[in-house]
Amino acid sequence: MAKGADWTIHETGKMGIPRFDLAGKVAIITGAGSAAGIGFAVARTYAAYGAKLVLADITEGPLQERAAEIREETANAQVVAVCCDVNDAASRENLVNTALETFGQIDILVNIAGVADKNNSLAVDLDEDTWDFVVDIDLKAVFFLSQLVAKHMIQRQRGNIINLGSFTASIASTRLMPYMAAKAGVVQMTRGMALEWGRYNVRVNCICPGYVMSDMTRDALATPGGYEAITRGVPYNRKVSDPMDIAAAALFLACDASDMVDGHALYVDGGRSVE
């Protein structure tokens, strides 16, 4: 076998059927507190496929509720909820330490926590504080949490990091300037991480959703004509994604079935980005 493939199901020259299985793996998932969010959808999916979970969100109450729901939904699910501000170094360190103290390892990190400009500012009206708030959480925090987890993964010579980008990394939109810039940065940062850490058998990929029905997009989708305007550029089914559509992609990237996928930005947007 090639170096780095000795724990996967694949072997050169032999027939193997890829399996979607996360049994025995430990996953940190940030931004998991919203009942309608991508983070919770990914967490539910990972639990159903056998992963042990460390869920993180800045708001503890909803996070504990999501953890309880997963335990109720999936028998024998092992779930730890950690209140975490991903924009704070000490909070990030506590999250990683809690995962290691609880489960002894980290196999998967899914960086989902993110924000957008709540004021929907045009570029000419955007203030510096708003720019810093969005970019710090959507880009800077993703790097430094990944860096922290990668140090553990490099020591183990294996690991899997999945970042959340956006279709706006390649398709321009109004009133999303700091969000677009941050998500484009995440896509390119993912490539750089994959290049540097691949030699240690640490894979890094990125999912770029289109519009997803979530707390972040609910107001825009609810405006008169909003749903129609947003889905007009989607060639497939003319619809907004469900968080579970993104969770399915996150499952694929987390499993050994995607062992040869590295440094890739996977667009899950119904074809919105093909224009």
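Student: Can you break down the sheet that holds strand β6 (residues 202-209) residue by residue, with the values?
Tutor: The seven strands lie next to each other as β3-β2-β1-β4-β5-β6-β7, forming an open sheet whose pairing is parallel. Only two strands of the sheet have a single neighbouring strand rather than two, namely β3 (79-83) and β7 (265-268). In this sheet, adjacent strand axes meet at a mean angle of 15 degrees when their direction is disregarded. The pairing of strand β2 (residues 52-57) with β3 spans five bridges and is parallel. Of the residues in β3, the one forming a bridge with Ala56 is Val82. Packed on one face of the sheet, helix α2 (residues 60-73) meets β2 and β3 and runs near 175 degrees to β3.

Student: Just give me the short version of a negative patch on the surface, but keep the residues and values in it.
Tutor: A surface patch of like charges, here negative, comprises Asp127, Glu128, Asp129 and Asp132. Looking at Asp132, the relative accessible area reads 32%, which means it is partly exposed.

Student: Explain the pairing of β3 to me, using residue names and the numbers behind them.
Tutor: Across the five residues of β3, four count as buried, placing the element largely inside the fold. A crossover links β2 with its parallel partner β3, the connecting element being α2, and its sense is right-handed.

Student: Which residues make up the environment of Gly198, and what values go with them?
Tutor: Looking at the element boundaries, Gly198 is found in the loop between α5 (177-197) and β6. Other than its neighbours up to four places away in sequence, Gly198 contacts Met193 and Asp262.

Student: Describe the pattern of salt bridges, listing the residues and the values that go with them.
Tutor: This structure, assessed with the given rule, holds five salt bridges. Of the charged contacts in the structure, one is a salt bridge between Asp256 and Lys25, with a shortest N-O distance of 2.9 Å. Within this pair, whereas Asp256 is found in the loop between α8 (243-254) and β7, its partner Lys25 is found in the segment before β1 (26-30), the two being separated by 231 residues in sequence. For the pair formed by Asp256 and Lys25, the shared burial category is buried.

Student: Could you give an account of the side chain of Ser258, naming the residues involved and the relevant values?
Tutor: Take Ser258: it is sitting in the loop between α8 and β7. Reaching out from Ser258, the side chain makes a polar contact with the backbone oxygen of Phe252 at a distance of 2.7 Å. A distance of 2.9 Å separates the side chain of Ser258 from the backbone oxygen of Cys255, its partner in a polar contact. Here Ser258 is in contact with Arg203, Phe252 and Leu253, once residues within four sequence places are set aside.

Student: Can you break down empty space enclosed by the protein residue by residue, with the values?
Tutor: This model, assessed by the stated rule, comprises three cavities of 30 Å³ or more. If you add up the space inside the largest cavity, you get close to 70 Å³. Every residue lining the largest cavity is counted, 11 residues in all, and those nearest its centre are Gly210, Tyr211, Val234, Lys239 and Asp269. A per-class count over the lining of the largest cavity returns five nonpolar, three polar and three charged.

Student: Mind laying out the packing of helix α4 (residues 128-156) against α5, listing which residues take part and the relevant values?
Tutor: For the pair α4 and α5, the least separation of the axes is 8 Å and the interaxial angle reads 15 degrees. Classified by the angle between their axes, α4 and α5 sit roughly parallel to one another. The handedness of the crossing between α4 and α5 comes out as right-handed. Side by side, α4 and α5 meet where Trp131, Val134, Val135, Asp138, Leu139, Val142, Phe143, Ser146, Gln147, Ala150 and Ile154 of the first sit next to Met177, Pro178, Tyr179, Ala181, Ala182, Lys183, Gly185, Val186, Met189, Met193 and Trp197 of the second.

Student: I'd like a description of the nonpolar core, backed by residues and values.
Tutor: With 40 residues, the main nonpolar core has Ile28, Val54, Leu95, Val149 and Ile161 as its most contacted residues. Elements with a minimum of two residues in this core: β1, β2, β3, α3 (89-103), α4, α5 and β6. Once you skip the residues sitting within four places of it in the chain, Val54 turns out to touch Val26, Ala27, Ile28, Ile29, Val80, Val82, Leu95, Ala99 and Phe103. Formed by 37 residues, the second largest nonpolar core is a distinct cluster that contains Ala41, Ala47, Val212 and Ala249.

Student: An account of the packing of α3 against α4 is requested, with residue identities and associated values reported.
Tutor: Between α3 and α4, the shortest axis-to-axis distance is 10 Å and the interhelical angle comes to 30 degrees. In this structure, α3 meets α4 at a crossing whose hand is right-handed. Between α3 and α4, the residues in contact are Arg92, Glu93, Leu95, Val96 and Leu100 and Ala141, Phe144, Leu145, Leu148, Val149 and His152, respectively. Taken together, the residues of the contact of α3 with α4 sort by class into eight nonpolar, one polar and two charged.

Conventions we followed
Residues numbered from 1 in each chain as written. Predicted model: local features only at pLDDT ≥ 70, side-chain atom pairs only at ≥ 80, totals over all residues. Heavy atoms only, no water. Pairing = 2+ DSSP bridges. Helix = DSSP H or I, 4+ residues; strand = E, 2+ residues; numbered from the N terminus. Axes fitted to C-alpha atoms, helices over the stretch in contact; angles between N-to-C directions. Contact = heavy atoms within 4.5 Å. Patch = residues over 30% accessible without salt bridge, like charges linked within 9 Å, V, L, I, M, F, W, Y side chains within 5 Å. Areas by Shrake-Rupley, 256 points an atom, 1.4 Å probe, with all protein chains shown as cover. Salt bridge = Lys/Arg side-chain N within 4 Å of Asp/Glu carboxyl O. Lys, Arg positive; Asp, Glu negative; His and termini not counted. Charge placed at Lys NZ, Arg CZ, Asp CG, Glu CD. Buried < 20%, exposed > 50% of the residue type's maximum accessible area, 1.4 Å probe, protein only. Right-handed = clockwise from strand over helix to strand, strands pointing away. Polar contact = N/O pair within 3.5 Å; in protein donor to acceptor, adjacent residues only side chain to side chain. 1 Å grid on protein atoms, 1.4 Å probe; cavity = no way out; pocket = protein on both sides within 12 Å on 5 of 7 lines; lining within 4 Å. Points joined across faces, edges and corners; volume = space filled by probe spheres on them. Nonpolar A, V, L, I, M, F, W, Y, C, P; charged D, E, K, R; others polar. Parallel < 35°, antiparallel > 145°, perpendicular 65-115°, else oblique. Left-handed = near helix turned anticlockwise from the far one by under 90°. Core = buried A, V, L, I, M, F, W, Y, C linked by side-chain atoms within 4.5 Å.

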